[in-house]
Amino acid sequence: DAGVIQSPRHEVTEMGQEVTLRCKPISGHNSLFWYRQTMMRGLELLIYFNNNVPIDDSGMPEDRFSAKMPNASFSTLKIQPSEPRDSAVYFCASSPGGQGNSPLHFGNGTRLTVT
Amino acid sequence: DQQVKQNSPSLSVQEGRISILNCDYTNSMFDYFLWYKKYPAEGPTFLISISSIKDKNEDGRFTVFLNKSAKHLSLHIVPSQPGDSAVYFCAARSNDYKLSFGAGTTVTVRA
């Protein structure tokens with residue numbers, strides 16, 4: 001049973017370039033989350049989708065960040081233009097319910113380095 | 001504003017002994033508490049959870065205790081095994097989707 005699949009695993013890019021991170025959630029899960037992990041801020045929620053609709057994007061740091069979920073099996077997180085301070089590990093997670101005791105299932109993350 | 005705090009960044013324990021990880025929270029609206037385990041280069045994986053109507057939940061070697069009045073929870077691992085060496089995150093939410101994570105505690109199990 002495949003878990004949450006993220007690609008690429010590693011991304012190295014130069015400042016100013018566009019970066020697109022991809023996520024395939026677990027089939028049947030109707031909630032999808034994008035998290036970012038940094039040493040300074042730990043794991044922080046960027047955006048939450050329910051049934052493919054963005055519900056809460058208050059964690060998206062700036063207009064340079066955007067996320068889409070065109071269907072139930074695919075989501076993207078785009079950074080344009082990228083900056084060195086965007087360097088972090090970005091996790092996608094999905095959940096069958098997204099509330100209460102319903103746990104999030106995380107992908108293995110994308111390590112982004114912006115030089 | 002960190003609503004979930006793990007004040008011990010690291011813990012070292014001998015194999016076979018008990019590991020106790022602590023977590024404090026500030027938001028009295030939190031109703032659900034979850035523990036995650038993370039190996040290097042992998043995503044966090046769900047370990048065990050507890051709702052606020054309980055004070056204890058056990059799953060094999062893992063037990064979580066909740067003290068609502070003190071806004072404190074702990075994770076006990078007995079006995080500790082080398083494969084338990086990982087980063088452990090405490091997380092909490094009220095009855096919505098937003099899961100707040102602590103900073104994590106790195107556990108090292110010595111042979």
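Here is what the cut-offs are and how they apply
Residues numbered from 1 in each chain as written. Chains lettered and ligands numbered in written order. Predicted model: local features only at pLDDT ≥ 70, side-chain atom pairs only at ≥ 80, totals over all residues. Heavy atoms only, no water. Salt bridge = Lys/Arg side-chain N within 4 Å of Asp/Glu carboxyl O. Helix = DSSP H or I, 4+ residues; strand = E, 2+ residues; numbered from the N terminus. Buried < 20%, exposed > 50% of the residue type's maximum accessible area, 1.4 Å probe, protein only. Contact = heavy atoms within 4.5 Å. Buried area = accessible area lost by both parts, 1.4 Å probe. Polar contact = N/O pair within 3.5 Å; in protein donor to acceptor, adjacent residues only side chain to side chain. Nonpolar A, V, L, I, M, F, W, Y, C, P; charged D, E, K, R; others polar. Core = buried A, V, L, I, M, F, W, Y, C linked by side-chain atoms within 4.5 Å. Pairing = 2+ DSSP bridges. Axes fitted to C-alpha atoms, helices over the stretch in contact; angles between N-to-C directions.

Asker: It is not clear to me how the pattern of salt bridges should be interpreted in this structure. Could you clarify?
Answerer: When charged atoms on two side chains of opposite charge get close, those side chains can pair. Residues and elements named next belong to chain A. Under the criterion given, the structure shown has 11 salt bridges over all chains. The residue R64 makes a salt bridge to E83 at a minimum N-O spacing of 3.5 Å. Pair noted here: R64 is in the loop between β6 (53-56) and β7 (65-71) and E83 is in the loop between β8 (74-79) and β9 (88-95), with a separation of 19 residues, a long-range link. Linked by salt bridges that have partners in common, E62, R64, E83, R85 and D86 make up one network.

Asker: Explain the environment of F46 of chain B to me, please; I cannot follow it from the model alone.
Answerer: Relative to the helices and strands, F46 of chain B resides in strand β5 (residues 45-51). Classification of F46 of chain B by relative accessible area gives partly exposed; the value is 32%. Residues F46 of chain B and S28 of chain B lie 18 residues apart in sequence; the distance between their C-alpha atoms is 23 Å. Every residue in contact with F46 of chain B, bar those within four places of it in the chain, is listed here: P103 of chain A together with L34, W35 and Y36 of chain B.

Asker: Would you explain the interface of chain A and chain B in this entry?
Answerer: Note: interface size is frequently given as the accessible area lost on complex formation between the parts. Taken together, the contact pairs 22 residues of chain A with 21 residues of chain B. Between chain A and chain B the total buried area reaches about 1,700 Å² when both faces are included, carbon and sulfur atoms providing 56% of it. Across the chain A-chain B interface, the total number found is 1 salt bridge. In this structure, K98 of chain B engages D56 of chain A in a salt bridge whose closest nitrogen and oxygen atoms are separated by 3.1 Å. Taken together, chain A and chain B are joined by 7 residue pairs in polar contact (both at pLDDT 80 or more). Those elements giving two or more residues to the side of chain A that touches chain B turn out to be β4 (31-38), β5 (42-50) and β6 of chain A. Taken together, the residues that form the side of chain A that touches chain B break down as 10 nonpolar, 9 polar and 3 charged.

Asker: Could you clarify how one ought to interpret the nonpolar core in this entry?
Answerer: Nonpolar side chains in soluble globular proteins tend to end up buried together. Counting residues in hydrophobic clusters, the biggest one holds 23 residues, and the most contacted among them are F33, W35, L73, L75 and Y88 of chain B. Put simply, the parts of the chain that give this core at least two residues each are β3 (19-25), β4 (32-38), β5, β7 (62-67), β8 (72-77), β9 (86-93) and β11 (105-110) of chain B. It is β9 of chain B that provides the largest number of residues to this core, a total of 4 residues. With 21 residues, the next largest nonpolar core counts C23, L46, M69 and V114 of chain A among its residues.

Asker: I would appreciate a short explanation of the sheet that holds strand β1 (residues 5-7) of chain A in the present structure.
Answerer: Within a sheet, adjacent strands bond to each other through the backbone by hydrogen bonds, running parallel or antiparallel. Residues and elements named next belong to chain A. Within the open sheet, the 4 strands sit side by side as β1-β3-β8-β7. Their pairing is antiparallel. Two strands close off the open sheet at either side, each with one partner strand: β1 and β7. When the angles between neighbouring strand axes are averaged without regard to direction, this sheet yields 15°.

Asker: Just to check I follow, could you spell out the side chain of S49 of chain B for this structure?
Answerer: On the secondary structure map, S49 of chain B appears in strand β5. When neighbours within four sequence positions are excluded, S49 of chain B is seen to be in contact with N101 of chain A together with F33, L34, N57 and V64 of chain B.

Asker: Just to check I follow, could you spell out the pairing of β7 of chain B for this structure?
Answerer: Along any regular strand the residues' side chains alternate between the sheet's two faces. All names here are of chain B. Two elements, strand β6 (residues 56-59) and β7, share 4 bridges in a ladder whose sense is antiparallel. Bridge pairing in β7 links D59 to F62. Adjacent in sequence and paired antiparallel, β6 and β7 are bridged by 2 residues, among which G60 carries a positive phi angle near 65°. When β7 meets β8, the two strands line up antiparallel, connected through 6 bridges. Its bridge partner lying in β8, V64 is registered against L75. With antiparallel pairing between neighbouring strands as the criterion, β7 and β8 make up a hairpin whose turn holds 4 residues, including K71 at a positive phi of roughly 50°.

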